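For reference, the chains in residue letters:
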Amino acid sequence: MIEKIWAGRSPLYLLLLPLSWLYGAVSSLIRLSYQWGWRKSWRAPVPVVVVGNLTAGGNGKTPVVIWLVEQLQQRGLRVGVVSRGYGGKAEQYPLRVTPETSTRQAGDEPVLIFQRTGAPVAVAPVRRDAVQALLSEPVDIIVTDDGLQHYALQRDAEIVVVDGVRRFGNGWWLPAGPMRERAGRLKHVDAVITNGGQPASGEIAMTLQAGHAVNLLTGEHRSPEQLKSVVAVAGIGHPPRFFATLEALGVRPHHCVAFADHQNYQPEQLAALTTGDELLLMTEKDAVKCRAFAQENWWYLPVNADIPAAQAEKLLTLLSGLAATSSGKK
């Protein structure tokens with residue numbers, strides 16, 4: 001129902017407008033309080049790049065963070081990543097992610113980013129604390145996974161990821177619409193990356209490219225079309241995107257089961273979804289939470305952000321320049 005309301009296909013949003021006006025007033029006041037110096041923000045000694053979004057729900061932000069970190073690493077930069085760690089609960093913060101860190105401690109996205117990139121990752125509700133935890137070792141640039149609205153941390157560049165199909169729905173603030181900030185905020189960011197759909201003028205086009213499916217237990221790789229008798233599950237911000245990806249790859253699941261974003265799975269909960277020779281196919285974000293109790297018929301499908309070379313080069317040159325300028329000042 002909420003997706004229907006946010007998409008503008010239901011007039012019920014009118015009932016929620018008073019709450020949206022309150023949300024918009026509070027969020028605008030918070031931003032202005034930092035802009036006008038009423039509240040103090042903190043600047044890190046190295047450049048900070050925020051990758052965030054204007055809307056609630058999955059836009060493809062985490063694949064962009066992974067792509068960005070890997071691309072900057074290839075340019076010889078030492079990249080650190082900070083995250084709020086939504087869905088995790090550590091005994092103390094800041095938390096440095098290690099190979100032994102569980103998703104229950106750090107959240108699924110920080111663990112996934114660490115496993116994919118090998119970059120140092122720190123988690124804390126206060127992002128300044130996470131940044132400071134990374135500064136104990138040489139870091140040239142820091143990428144924050146989300147945090148566009150976390151104005152207590154100053155940033156040197158802002159990148160917004162937009163769902164190119166859903167865009168901004170009915171355009172209203174939460175809860176009547178999907179917006180954390182209004183679309184006019186895009187005028188003040190350094191880059192807008194549009195995931196799928198048709199990018200607007202000045203936006204960077206992005207698509208998600210699926211790799212080979214991977215068995216959680218054995219590590220075996222198979223092309224997606226080789227998987228037969230599939231039950232698909234997704235606990236991400238927008239599960240239909242994953243299911244549509246499978247259809248485009250020629251995978252025809254018997255069932256598609258959507259869970260809440262950052263879902264904490266129980267072994268019996270997933271085991272009950274398949275019978276006989278059926279395979280369970282999930283997202284990589286789900287897989288990082290399930291490896292400890294995976295069964296032999298469980299697979300995941302990794303995806304990678306794909307950005308046209310010319311647009312990617314322009315963005316990466318900007319960010320590399322920030323790191324080079326910062327290094328020259330030391």
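All values reported here derive from a predicted model rather than from experimental measurement.

Caption draft 1: Up close: the UniProt feature "binding site: ATP" (unreviewed entry) in the protein chain. In this numbering, the UniProt entry assigns the feature "binding site: ATP" (unreviewed entry) to Thr55, Ala56, Gly57, Gly58, Asn59, Gly60, Lys61 and Thr62. Relative to the helices and strands, Thr55 resides in the loop between strand 1 (48-52) and helix 3 (61-74). Of the polar contacts made by the side chain of Thr55, one reaches the side chain of Asn59; its length is 3.0 Å. Here Gly60 is to be found in the loop between strand 1 and helix 3. Ignoring sequence-local partners within four residues, the contact set of Gly60 consists of Val161, Asn195, Met206 and Arg241.

Caption draft 2: Highlighting the UniProt feature "transmembrane region" (unreviewed entry) in the protein chain. In the numbering used here, UniProt assigns the feature "transmembrane region" (unreviewed entry) to residues 12-34. Overall, residues 12-34 shows 96% helix and 0% strand. The separation of its end C-alpha atoms is 34 Å.

Caption draft 3: Highlighting the sheet that holds strand 14 (residues 298-301). The strand order across the open sheet formed by 6 strands is 10-9-14-13-11-12, and the pairing between neighbours is mixed. Both edges of this open sheet fall to strand 10 (221-222) and strand 12 (255-258), since each of them pairs with a single strand only. Note: strand 9 (residues 213-215) against strand 10, 2 bridges, orientation antiparallel. Bridge pairing in strand 10 links Ala213 to Arg222. Its contacts with the sheet put helix 7 (residues 239-248) on strand 11 (230-234), strand 12, strand 13 (279-283) and strand 14, and the angle it makes with strand 11 is roughly 150°.

Caption draft 4: Quick peek at the packing of aromatic side chains. This structure, assessed with the given rule, holds 4 aromatic pairs. Relative to Tyr265, the ring of Phe259 lies with its centre 5.1 Å away and its plane at 90°, an arrangement referred to as edge-to-face. For the pair shown, Phe259 and Tyr265 are each scored as buried. When the ring of Phe293 is compared with that of Trp298, the centres are 6.0 Å apart and the planes differ by 90°; the resulting orientation is edge-to-face. On the accessibility criterion, Phe293 (22% relative accessible area) is partly exposed.

Calculation criteria
Residues numbered from 1 in each chain as written. Predicted model: local features only at pLDDT ≥ 70, side-chain atom pairs only at ≥ 80, totals over all residues. Heavy atoms only, no water. UniProt positions renumbered as here; feature names shortened; annotations may be inferred. Helix = DSSP H or I, 4+ residues; strand = E, 2+ residues; numbered from the N terminus. Polar contact = N/O pair within 3.5 Å; in protein donor to acceptor, adjacent residues only side chain to side chain. Contact = heavy atoms within 4.5 Å. Pairing = 2+ DSSP bridges. Axes fitted to C-alpha atoms, helices over the stretch in contact; angles between N-to-C directions. Phe/Tyr/Trp six-rings, centres within 6.5 Å; stacked < 30°, edge-to-face > 60°. Buried < 20%, exposed > 50% of the residue type's maximum accessible area, 1.4 Å probe, protein only.

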